[in-house]
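# Survey of secondary and tertiary structure
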Amino acid sequence: MSASVGSSVVLVSTLGHRDLEVDGERIPEGRFRSETERLRDALTADRQGTLPRLRCPILDSVIAWVIERHTAPHGRKPHLTVYLVATDQSDPAYRETDTVHAAALAQEWIQARFGAEARATASLSVKQWTYAGNPAAFDDTLRYFRTLIAHRAFPEIDPDTTLYVNVTSGTPGLVFGLLAGLAPVLDERAVVLYKGPHDPRPTPTRLIPELRRARLLDEVERWLKESDFSAAARLLDSVEDMAPVARLAAAVVHRLDFDFARALRDLDDTVQLSSGETRPFAQRWQRELNELLRRVDALSEATTAMPEQYPLLLRELYVNTCLTWEAGRYADFLARAFRLEEAALRWAVERVLRLPTGSAKSPRGAALPAFIEGIEGDPELRAHVQAPYEGRQLDYRRAPTRDLLRHLLAAPSLREHPIARQVSTVSGRLSRLSGLRNASIVAHGFRGVSREAIVEAYGGEPLDDLRALAEAAGIDPADNPFAAARQALLEAVSRAQAQG
C-alpha cells in the first residue's frame, strides 16, 4: 500500500504489559494495575516529575513510523487520531492484569511525545476504548467490537483516511475481537502492523485482505452447504484468485435456470482458467450440458415421437424441483412440480402410444398434425378420447393439455401398462395442488404459497410422488448433478482456505 502524505490517519492499538515502562523497566504483571494506578495519581500530582519517567516503547516506534510515512515533502504532518484499547475487568482475580490505567498514562505520554510537533503542522488526538469483559474470551471480545460499530463509536473512514491497526500487544482474544469484530468496517486499505521484540520498526501485513478473503470463503461454504448456489456465486466473484471457481458456481446457477448455453459459456472460462481438480469436473459438466442442449433442440423441433430425448431432461427437472422444496421456495416448487408432471405425461404418451406431443409452432417443427393423425388412425383410441373425461369433452385437435394426456394414458389397452398406470396415477394426485397453483403468482393469482398450504392441500408432502414420476422414467433419484457440483465447489473452497 502506498501511503498518502499530509493526510488523515487513524491508528487503533491494543495494549499489553510491554507497552509501558517506568525508569526503563517493565512493570511486573502481578502488580500492573496497582502500579499504573499509582503512577496515574502521581502524574496528576506531579506531572513534571512523573512524565519523564514513563516510556511507551512499542507505541513510540509505531506512531513515529506512521507519522514519517504520512509526512508531506514540505514537512506537513498527518492529522493523527490514536485509539487505545484497554481492559478493565470486574473479576478481582484478574484485575491486576488490566491496562485501563496504563492507557491513561499512554495518552498523556503520546501527547507529550508527539503532540507539540503535531500542533506545529497538523493535529493529534488520543482516545480510549475500555473493554470490561474477559480479554481471553474470543466470543465476548468479538461482541464488544461489534457493539462499538453498532453504537457508531468507530470513526467513519473516508477515502482520504488511512487506517492502521497495531496488534503487537494485548491478549490473543482481544486482538482477535478487534480484527474480527471490526472486519465489516476494515476495508482493503487498512494495514495491520506488528513490531517484533527486536525489530526497530513495525512490519505492515496483508492481514485485513486475508481476513476478508477468509470471511468470504466461510460465507461461500455456508451457502453451498445450503445449496444456495446463487449467493455463493455472488460472493465468489469478490474473492481474489477464485475466478475459475466463481465461473463454475455461475454455471450451476444458469443450469438451474435451464439456461444451458449460458452455463456452457461460464464453463468455458472455468476450463480455460483452472487446473487441478476443478478442470476435470468442469469438462464433465460441459459434456452433460452439451447433451442436455442437444435434447432441448431435438424436442423443440420434433415432428415425431421422441421419448428417448426426455429422461435426461426429466432428471434435470426432478432434481431442480426437489432443490426448490429444500430451499423453501414453495411457489417456485409448484411451478416446477407441474412442469415435471406435464413433461412426464408427454414422455409417457410418446413412450407407450408413440404419439408426438411436441408444442413447436413452426411449420417445420409442428407435431400436432401427426398427433391428430395418430389418434384418428386408431379407432379404439379415438373412441376413448372422444368419450367424456370427468364430465367434459376434450378436444384432441388442439395442443394437448395435461387432462388430455392423462386421459390418453387411461386408454383400455393401457390399463395394465406399468408406465401409463404410474404416471397417470401420480398426475391425478398432483391435481390436488392445481387450485393452490392457479391462485398463486406462478399461474393466475396473487395468493401466497407455504409448505403448510401444500401439505394441507395434498394430504402430505408430494416428494414421494415426484420421486415415483422420476422412477417411472427410469431415472435414479439419487443421481443428482447439483450435489456433485456442490461437493466440487466445497472442495475448491476448502483448498483455497487451506492455502490461505
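A few points on the structure. Values in this document were obtained by computation on a predicted structure and should not be read as measured data.

### Notes on the overall build of the chain
- If you tally the helices and strands in the chain, you get 21 helices and nine strands.
- Here the C-alpha radius of gyration of the chain, 35 Å, is well above what a compact globule of 500 residues would show, namely 23 Å.
- Each principal axis of the C-alpha distribution contributes one length, and for the chain these read about 115 × 45 × 35 Å.
- Sorting the 500 residues of the chain into buried and exposed places 48% on the buried side.
- Looking at the chain alone, contacts between residues at least 24 apart form 68% of all its contacts between residues at least 6 apart.
- When the accessible surface of the chain is summed, it comes to about 23700 Å², and 49% of that surface belongs to carbon and sulfur atoms.
- Here the chain holds 63 positive side-chain charges and 68 negative ones, and the gap between their average locations is 3 Å.

### Section: helix α11 (residues 278-300)
- Taking 1.5 Å per residue, 23 residues should reach 33 Å; α11 reaches 33 Å between its end C-alpha atoms and fits that length.
- Among the residues making up α11, those that are buried are T278, F281, A282, W285, Q286, L289, L292, R295, A298 and L299.
- Close packing links the buried residues of α11 with α9 (243-256), α10 (260-273), α12 (310-326) and α21 (481-499).

### Digging into α21
- Taking 1.5 Å of rise per residue, 19 residues should cover 27 Å, and α21 covers 27 Å from first to last C-alpha, within 8% of that figure.
- Along α21, the positions that sit buried rather than exposed are P481, F482, A485, A488, L489, L490, A492, V493 and A496.
- Taking the backbone nitrogen of F482 as reference, a side-chain oxygen 2.8 Å away marks N480 as the first, capping residue of α21.

### Describing the sheet that holds strand β4 (residues 54-55)
- Taken together, the three strands give an open sheet; going across it, the order is β3-β2-β4, and neighbouring strands pair in antiparallel fashion. Across the chains shown, the open sheet's two edge strands, defined by having one partner strand only, are β3 (25-26) and β4.
- In this structure, strand β2 (residues 21-22) lies alongside β3, joined through two bridges in antiparallel fashion. Considered in β3, the bridge of V22 is made with E25.

### Focus: the packing of aromatic side chains
- In this structure the tally under the stated criterion is twelve aromatic pairs.
- With 5.0 Å between their ring centres and 75° between their planes, Y144 and F145 make a pair best called edge-to-face. As far as burial versus exposure is concerned, Y144 and F145 are alike and both buried.
- Residues W325 and Y330 carry aromatic rings whose centres are separated by 5.3 Å and whose planes lie at 80° to one another, so their mutual orientation is edge-to-face.
- Linked through ring pairs, Y83, W129 and F154 together constitute an aromatic cluster.
- One residue, R255, lies across the ring of F482, its end atom 5.5 Å from the ring centre.

### A word on the nonpolar core
- The biggest cluster of nonpolar side chains holds 94 residues, and the ones touching the most others in it are L408, L409 and V423.
- Take this core: its biggest share by element is 14 residues, from helix α13 (residues 330-353).
- The contacts of V423, once residues within four sequence positions are left out, are A344, L345, W347, A348, L409, L469 and A472.

### A word on unusual backbone geometry
- Positive phi, normally seen in glycine, also occurs at R152, with a value near 60°.
- Phi is positive for E390, close to 50°, though the residue is something other than glycine.
- Turning to its location among the elements, E390 is positioned in the loop between α15 (379-386) and α16 (402-409).
- Given a relative accessible area of 63%, E390 falls into the exposed group.

### Here we look at the side chain of E316
- On the secondary structure map, E316 appears in helix α12.
- E316 sits in the buried class, given a relative accessible area of 0%.
- In this structure the side chain of E316 is engaged in a polar contact, spanning 2.5 Å, whose partner is the side chain of R255.
- For E316, the residues in contact, after removing those within four places along its chain, are R255, F258, F260, L292, P481 and F482.

### Digging into the packing of α9 against α21
- Interhelical geometry of α9 versus α21 gives an angle of 165° and a closest axis separation of 10 Å. Considered as vectors, α9 and α21 are oriented roughly antiparallel to each other. α21 is crossed by α9, and the crossing has left-handed handedness. Packed against α9, whose contacting residues are V245, L248, A249, V252, R255 and L256, the element α21 presents P481, F482, A485, L489 and A492 at the interface.
- Here the residues of the contact of α9 with α21 sort into ten nonpolar, no polar and one charged.

### Some details on the pattern of salt bridges
- By the definition in use, this model includes 34 salt bridges.
- Residue D237 pairs with R247 through a salt bridge whose shortest N-O separation is 3.3 Å. Taken as a pair, D237 in the loop between α8 (229-236) and α9 and R247 in helix α9 lie far apart in primary sequence, ten residues in all.
- Here E316 and R255 are joined by a salt bridge, their closest N and O atoms 2.5 Å apart.

### Concerning the packing of α12 against helix α20 (residues 463-472)
- The interhelical angle for the contact between α12 and α20, taken along N-to-C directions, is 170°, at an axis separation of 10 Å. Put simply, α12 runs roughly antiparallel to α20. Between α12 and α20, the contacting residues are Y318, T321 and W325 on the first element and L463, L466, R467 and A470 on the second.
- Tallied by class, the residues present in the contact of α12 with α20 amount to five nonpolar, one polar and one charged.

Quick notes on the rules
- Residues numbered from 1 in each chain as written.
- Predicted model: local features only at pLDDT ≥ 70, side-chain atom pairs only at ≥ 80, totals over all residues.
- Heavy atoms only, no water.
- Helix = DSSP H or I, 4+ residues; strand = E, 2+ residues; numbered from the N terminus.
- Rg over C-alpha atoms; globule rule 2.2 N^0.38 Å.
- Buried < 20%, exposed > 50% of the residue type's maximum accessible area, 1.4 Å probe, protein only.
- Contact = heavy atoms within 4.5 Å.
- Areas by Shrake-Rupley, 256 points an atom, 1.4 Å probe, with all protein chains shown as cover.
- Lys, Arg positive; Asp, Glu negative; His and termini not counted.
- Charge placed at Lys NZ, Arg CZ, Asp CG, Glu CD.
- Expected span 1.5 Å × (residues − 1).
- Polar contact = N/O pair within 3.5 Å; in protein donor to acceptor, adjacent residues only side chain to side chain.
- Pairing = 2+ DSSP bridges.
- Phe/Tyr/Trp six-rings, centres within 6.5 Å; stacked < 30°, edge-to-face > 60°.
- Lys NZ or Arg CZ within 6 Å of the ring centre and 35° of its normal.
- Core = buried A, V, L, I, M, F, W, Y, C linked by side-chain atoms within 4.5 Å.
- Axes fitted to C-alpha atoms, helices over the stretch in contact; angles between N-to-C directions.
- Parallel < 35°, antiparallel > 145°, perpendicular 65-115°, else oblique.
- Left-handed = near helix turned anticlockwise from the far one by under 90°.
- Nonpolar A, V, L, I, M, F, W, Y, C, P; charged D, E, K, R; others polar.
- Salt bridge = Lys/Arg side-chain N within 4 Å of Asp/Glu carboxyl O.

Read these as layout, nothing more, since geometry by itself doesn't imply function.
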